[in-house]
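# Architecture at a glance
If you want the building blocks of each chain, they are given just below.
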Amino acid sequence: MKNNKKLSWWVIGGIALVVIVSLFYFSNGDKTIACTPAFKVATEEIELGEISLQGDYPADFMVTNTGDAPLKINRVQTSCMCTFAEVIIGNTKSPEFNMDMHNSIGAKRWIGVVKPGKSATVRVIYKPYLMPVQGSVTRNIKFNTNDPNNSVVELGIHAIVK
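Since this is a predicted model, take the numbers as computed values, not measurements.

Definitions and cut-offs
Here the residue numbering is sequential within each chain, running from 1 through the sequence in written order. With pLDDT at 70 or above as the cut-off, local features in this predicted model cover only qualifying residues; side-chain atom pairs require 80 or more to be listed or tallied, and sums for whole chains, interfaces and linings still use all residues. To obtain the side-chain values, all non-hydrogen atoms of the structure were included, while hydrogens and water were left out. For this analysis, a nonpolar core means a set of buried residues of the types Ala, Val, Leu, Ile, Met, Phe, Trp, Tyr and Cys, connected via side-chain atoms within 4.5 Å. Three exposure classes are used, based on accessible area relative to the maximum for each residue type with a 1.4 Å probe and protein chains only: buried under 20%, partly exposed in between, and exposed over 50%. For helices the rule is a DSSP run of H or I covering at least 4 residues; for strands it is a run of E covering at least 2, with both sets numbered from the N terminus onward. When checking whether two residues touch, look at their non-hydrogen atoms; a contact exists if any pair is within 4.5 Å. For patch building, the residue pool is restricted to those with more than 30% relative accessible area and no salt bridge; the joining distance is 9 Å between like charges and 5 Å between nonpolar side chains (Val, Leu, Ile, Met, Phe, Trp, Tyr). To be clear on the numbers: accessible area is Shrake-Rupley with a 1.4 Å probe, and residue cover counts the displayed protein chains and nothing else. Salt bridges are defined as contacts in which a side-chain nitrogen from Lys or Arg sits within 4 Å of a carboxyl oxygen from Asp or Glu. Pairing between strands requires that DSSP locate at least two bridges from one strand to the other. Only C-alpha atoms enter the line fits that serve as axes; for helices the fit covers just the stretch in contact. Angles between N-to-C directions range over 0 to 180 degrees.

Our next topic: the nonpolar core. Looking at soluble globular proteins, one finds that nonpolar side chains tend to be buried together. Phe-61, Val-76, Val-122, Phe-143 and Leu-155 are the most contacted members of the largest nonpolar core, which has 32 residues in total. Mapped onto this core, the elements with two or more residues apiece are strand E1 (39-41), strand E2 (45-51), strand E3 (57-65), strand E4 (71-78), strand E5 (83-89), strand E8 (119-126), strand E9 (135-145) and strand E10 (152-161). For Val-122, the contacting residues outside a window of four places in its chain are Ala-59, Asp-60, Phe-61, Val-63, Glu-86, Val-87, Ile-141, Phe-143 and Leu-155.

On to a nonpolar patch on the surface, then. Residues Met-81, Tyr-129, Leu-130 and Met-131 make up a contiguous nonpolar surface patch of roughly 320 Å² in combined accessible area. Relative to the elements of secondary structure, Leu-130 occurs in the loop between E8 and E9. Taking the relative accessible area as the measure of exposure, Leu-130 reaches 35% and is therefore partly exposed.

With that settled, the discussion passes to the sheet that holds E2. Within the open sheet, the five strands sit side by side as E2-E10-E9-E4-E7. Their pairing is mixed. Two strands lie at the open edges of the sheet, namely E2 and strand E7 (111-114), each paired on one side alone. For this sheet, the mean inter-axis angle between neighbouring strands, taken without regard to orientation, is 30°. Strand direction decides the pairing type here: E4 and E9, joined by four bridges, are antiparallel.

Here it is in structure tokens:
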């Protein structure tokens, strides 16, 4: 009986020791904060003003990764087949993007990476002659990022087509 009581205390003590060691091991005092990317853009819409039906009209959005982890950009698509987009990171241009159903396999699989503290250009090109309309026109592009606060980004252009 005395040995069983002693054995019980050893088992309880062993379990308590394992729990205490586990707590210290899994909370080793590491106070580092998980790195996260952060998407920032100066403006979400660019005004092209009055334009003619003929011509290509680019608008450049400067995007910056203000976080401390790489910012990924993917699934770029436009709102109309008259609107195209490309992403320029450093000296590297992405494939040309259009509406999702018109994007190539390469464009659909493309992922751009903007390093922390660096910027990229998201270029929107409006070609009104492809879908002729006159008057006030708004076109958008949409893409995903790995920024938890901006997982889906939409940028737009506006013009008065004469």
